[in-house]
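# Structural description and commentary
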Amino acid sequence: MVDSTGVKVYGEGEWKTRQHGVSKRRTWRKLHLGIDEATGEILAAVATTNDFHDGEVLNDVLQAIDEPIEQVSTDGAYDHRHCYDEIAAQGAKAVIPPRKDAVIWQHGNCKGKPHPRDENLRSIRKHGRKRWKRDSGYHRRSIAETTMFRFKTIFGGNLSARKFDNQAVELFIKCAAINRMIQIAKHDTDEVKA
């Protein structure tokens, strides 16, 4: 699963922002994560500034994962042709909900296999979005949301470092700490059998 979240760098408190508006110094970083569906562990992390769109970073996240990828589940922010192409290049199935006003990219008269997005869209039109989510396993993407919640609950939504490189390192260290906590919390299957 792939998802992203914003982390505040510096700026005024929320009260001052509500009272006086957003200042030019208020900014944040985006943390893009590739998360293992089975374990909830973070397999890949990419830090960017807030002016990067989620889809622009998808390939970097996928390239950072060493294991074979069967399926990539993301939210609608990744509903772009290049995202489907990058997922297909990894040999994985794309589970991305098309936008509400989405149209078919390749109609039936085109030669070759239908585009995965078109298959998703046709399934949604035929059976409804709710059934498509259930049949495709899209609801498993909530594990990514849980990892994001865990990250922000444990470490907060702020960064201490002031320079981008240091902020990226701070985020990666926090990701490694989350993974370590998950590994410690897992039970040993050999002990359970005994």
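Our structure is the block above this text.
A brief structural summary.

Thresholds applied
Residues numbered from 1 in each chain as written. Predicted model: local features only at pLDDT ≥ 70, side-chain atom pairs only at ≥ 80, totals over all residues. Heavy atoms only, no water. Helix = DSSP H or I, 4+ residues; strand = E, 2+ residues; numbered from the N terminus. Buried < 20%, exposed > 50% of the residue type's maximum accessible area, 1.4 Å probe, protein only. Contact = heavy atoms within 4.5 Å. Areas by Shrake-Rupley, 256 points an atom, 1.4 Å probe, with all protein chains shown as cover. Phe/Tyr/Trp six-rings, centres within 6.5 Å; stacked < 30°, edge-to-face > 60°. Salt bridge = Lys/Arg side-chain N within 4 Å of Asp/Glu carboxyl O. Axes fitted to C-alpha atoms, helices over the stretch in contact; angles between N-to-C directions. Parallel < 35°, antiparallel > 145°, perpendicular 65-115°, else oblique. Left-handed = near helix turned anticlockwise from the far one by under 90°. Core = buried A, V, L, I, M, F, W, Y, C linked by side-chain atoms within 4.5 Å.

### Structural notes on the overall build of the protein
- On a plain count of helices and strands, the protein comes out with 8 helices and 5 strands.
- Put simply, the protein runs from its N terminus to its C terminus through helices and strands in the order β-α-β-β-α-β-α-β-α-α-α-α-α.
- Counting every position in the protein, which comprises 194 residues, the buried fraction comes to 40%.
- Intrachain contacts of the protein at a sequence separation of at least 6 include 52% that bridge at least 24 residues.
- Carbon and sulfur atoms make up 51% of the accessible area of the protein, which amounts to about 11600 Å² in all.

### Some remarks on the environment of Ala77
- Inspection of the secondary structure assignment puts Ala77 in the loop between β4 (71-73) and α3 (81-89).
- Not counting residues within four places of it along the chain, the set of residues in contact with Ala77 comprises His53, Asp54 and Gly55.

### Structural notes on the packing of aromatic side chains
- Scanning the model with the defined rule gives 2 aromatic pairs in all.
- Seen in terms of ring centroids, Trp132 and Tyr138 are 5.8 Å apart; in terms of plane orientation they differ by 35 degrees. Their pairing is tilted.
- Its relative accessible area of 3% is what places Trp132 among the buried residues.
- On the accessibility criterion, Tyr138 (10% relative accessible area) is buried.

### What about the pattern of salt bridges?
- Considering all chains together, one arrives at 9 salt bridges under this definition.
- Across the pair Asp79 and Arg99 runs a salt bridge whose closest N-O atoms are separated by 3.6 Å. Remark: Arg99 occurs in the loop between β5 (93-95) and α4 (116-127) and Asp79 occurs in the loop between β4 and α3; sequence separation between them is 20 residues.
- Judged by its relative accessible area of 42%, Arg99 falls in the partly exposed class.
- The salt bridge partner of Asp79 is Arg117, with a shortest N-O separation of 2.7 Å. Of the two residues, Asp79 sits in the loop between β4 and α3 while Arg117 sits in helix α4, which places them 38 residues apart along the sequence. The residues Asp79 and Arg117 share a single accessibility class, namely buried.

### Points about the packing of α4 against helix α5 (residues 129-136)
- The N-to-C vectors of α4 and α5 enclose an angle of 125 degrees; their axes lie 7 Å apart at closest approach. The orientation of α4 relative to α5 falls into the category oblique. Considering the relative orientation of α4 and α5, their crossing is right-handed. Residue-level inspection shows Asn120, Ser123, Ile124 and His127 of α4 in contact with α5, the latter providing Arg129, Arg131 and Trp132.

### Some points on the side chain of Glu170
- Assignment of secondary structure puts Glu170 in helix α7 (residues 164-185).
- Here Glu170 falls in the buried class, since its relative accessible area comes to 15%.

### Focus: the nonpolar core
- If you look at the biggest cluster of nonpolar residues, it comprises 18 residues, and the most contacted ones within it are Leu31, Leu33, Ile35, Phe151, Leu171 and Cys175.
- Elements supplying a minimum of two residues to this core: β1 (2-10), β2 (27-35), β3 (42-49), α6 (142-155) and α7.
- Counting residues per element, this core draws most heavily on α7, which supplies 5 residues.
- The residues contacting Cys175, other than those within four sequence positions of it, are Leu31, Leu33, Ile42, Ala45 and Phe151.
- Core analysis: the second largest hydrophobic core is formed by 17 residues, Leu58, Cys83, Tyr84 and Ile87 among them.

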